[in-house]
Amino acid sequence: MLRSRAVSLACALVAGTLLLTACNGDDEAAGAAAEATSKLAFQRGTATENEADRSAGDFAAAAAPAAAATARRPVIRKWVQLSAGSAGDLDPVTVNGKGFTLYRFDKDTSSPSRSHCTGKCATTWPPYLVARDGRVFIDGIDKSKIGFIERDGGFQVTLGGWPVYLFSKDVEAGDTNGQGVDGVWFGVTPDGGKAQGGTAAGGAADETGGAADGASPQESPQASPTSDPAGNATLFEEKDFLDSSQGVSGPGCQNVRFDGSLQTGGGFVKVWEGPDCTGASRFVEGDVKDLLGSTGLRGVRSVRFFD
């Protein structure tokens, strides 16, 4: 089990160093916390504006959600960026420097800040970690809302006291596949609240990323995918793979004419209501006999393929 010690940032900036207090208010603990985080550097603006190393921090290949989930040890970034923005239907929501959505977990606590996502859970939901001597870029976030808990040799970022995570099945910047998972995972707002909007995955996946009992990707295509990405797909004008068909393949986004049914040969794609991958979207996997009925979309006009 991982041990986490809560540390929260106070509002004031004193003598160029952020004042930190331990959650229990103990002076000795507060001093230890301040000493532990004294090497963190806080800068306003984005990493790019501050000329941060684009091969490190949030831009490092190992820092992407899927890569962090498969790493042999927790990924501790040299720098992190906290930006107030939007992703999918979530607005406002906090995103990192690479544009990936950041999440909070209802089973954690904010006062004191404490993570209850460990083991397999922390593989599916990698904690958002910064190095002890790292840099924190603040883009549209009130720095009084930012805090840290010691974890895995670094610091896990908190917002409004809530520990912050990535979701391993967010494939591209702007994905919000973790929103509503198991009814306890939500995008985190700049003040630590739950982001509103988007399509909740509900019971489609548990906190460890596994499929819920009785749910299959075809029955619930909006759930996070469990298969490999598909390289091509065939869309049919009618349900049950009938009438005219159109074949499309990746990479990237492809506009389509039909939305009756779809075949992917077992892999997953993301379908969108609008052309050029705009509007509402859902993941689908395998063969879907009734595309609109299964996804709840009003129409499908584009498909995105993933590497």
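As the structure is a prediction and not an experimental result, all values here were calculated from the model. Sequence order as written defines residue numbering, which begins from 1 separately in each chain. In keeping with the predicted nature of the model, local features appear solely for residues at pLDDT of at least 70, side-chain atom pairs appear and are counted solely at 80 or more, and the whole-chain, interface and lining totals rest on all residues. Heavy atoms from the whole structure form the basis of all side-chain values; hydrogens and water molecules are not counted.

Enquirer: Would you mind showing me how to read the overall build of the protein chain here?
Expert: Helix and strand labels come from DSSP, where a helix needs a run of H or I of at least four residues and a strand needs a run of E of at least two; each type is numbered from the N terminus. Of the regular secondary structure elements, the protein chain holds 4 helices and 20 strands. Looking at the 307 residues of the protein chain, the share that counts as buried comes to 50%. Contacts are assigned to residue pairs that have any heavy atoms within 4.5 Å of one another. Considering only contacts within the protein chain whose residues lie at least 6 apart along the sequence, 65% involve residues at least 24 apart. Total accessible area on the protein chain stands at roughly 13,500 Å², and carbon and sulfur atoms take up 46% of it. Think of it in three bands: with a 1.4 Å probe and only protein chains considered, a residue is buried below 20% of the maximum accessible area for its type, exposed above 50%, and partly exposed in between. Accessible surface area values rest on a Shrake-Rupley calculation with a 1.4 Å probe, where residue burial reflects the displayed protein chains alone.

Enquirer: What exactly am I supposed to notice about the pattern of salt bridges here?
Expert: Once the charged atoms of two side chains with opposite charge are near each other, the side chains can pair. The salt bridge criterion pairs a side-chain nitrogen of Lys or Arg with a carboxyl oxygen of Asp or Glu, the two atoms within 4 Å. The full count for this structure, using the stated rule, is 10 salt bridges. As a salt-bridge pair, Asp106 and Arg104 come within 3.4 Å of each other at their nearest N and O atoms. For Asp106, a relative accessible area of 26% translates into the label partly exposed. Arg104 gets classed as buried once you look at its relative accessible area, which sits at 7%.

Enquirer: Honestly, the pairing of strand E20 (residues 302-305) in this entry has me stumped. Any pointers?
Expert: Each regular strand carries side chains that alternate between the two faces of the sheet. Residues Ser302 and Arg304 line one face of E20 and the alternating positions Val303 and Phe305 line the opposite face, and both faces are buried. Across 4 bridges, strand E16 (residues 252-255) lies against E20 in antiparallel orientation. The partner of Gly252 across the bridge, within E20, is Phe305. Across 3 bridges, the pairing between strand E18 (residues 268-274) and E20 is antiparallel. Within the sheet, the bridge partner assigned to Trp272 lies in E20 and is Ser302. Should DSSP find at least two bridges between two strands, the strands are regarded as paired.

Enquirer: Teacher, can you tell me more about the packing of aromatic side chains here?
Expert: Within 6.5 Å between ring centres, the rings of Phe, Tyr and Trp (the latter by its six-membered ring) count as paired, and their orientation is classed by plane angle as stacked under 30 degrees, edge-to-face over 60, tilted in between. Taken as a whole and judged by the stated rule, the model has 14 aromatic pairs. Both rings, one in Phe268 and one in Phe283, keep their centres 5.5 Å apart while their planes meet at 75 degrees; by these two values the pair is edge-to-face. Here Phe268 is found in strand E18, whereas its partner Phe283 is found in strand E19 (residues 278-285), with 15 residues between them in sequence. Phe268 gets classed as buried once you look at its relative accessible area, which sits at 5%. Consider the rings of Phe268 and Phe306, whose centres lie 5.5 Å apart with planes at 35 degrees: the pair is tilted. In this pair, Phe268 sits in strand E18 while Phe306 sits in the segment after E20, placing the two residues 38 residues apart along the sequence. Here Phe268 matches Phe306 in class, with each residue buried.

Enquirer: Got a minute to help me understand the state of the cysteines in this structure?
Expert: Between two cysteines, a covalent bond joining their sulfur atoms is known as a disulfide. Here, a disulfide means two cysteine sulfur atoms that sit within 2.5 Å of each other. Enumeration according to the criterion identifies 2 disulfides in this entry. Residue Cys117 pairs covalently with Cys121 via a disulfide, S to S 2.0 Å. Its torsion about the S-S bond being -110 degrees, the disulfide of Cys117 and Cys121 is classed as left-handed. Assigned by exposure class, Cys117 and Cys121 land together as buried. Paired by a disulfide, Cys253 and Cys277 hold their sulfur atoms 2.2 Å apart. Note on the Cys253 and Cys277 pair: the S-S dihedral is about 105 degrees, so by sign convention the disulfide is right-handed.

Enquirer: Mind showing me how you'd approach the nonpolar core here?
Expert: Burial of nonpolar side chains together is a common tendency in soluble globular proteins. Grouped together as the largest cluster of nonpolar side chains are 18 residues, with contacts concentrated most on Leu82, Leu102, Tyr128, Val136, Ile146 and Phe148. Setting aside anything within four residues of it in sequence, one finds Val136 in contact with Leu40, Ala41, Phe42, Gln43, Val80, Leu82 and Phe148. By size, the runner-up hydrophobic cluster in this structure holds 16 residues, among which are Val248, Val269, Leu291 and Val300. In these notes, a set of buried Ala, Val, Leu, Ile, Met, Phe, Trp, Tyr and Cys residues joined through side-chain atoms within 4.5 Å is what counts as a nonpolar core.

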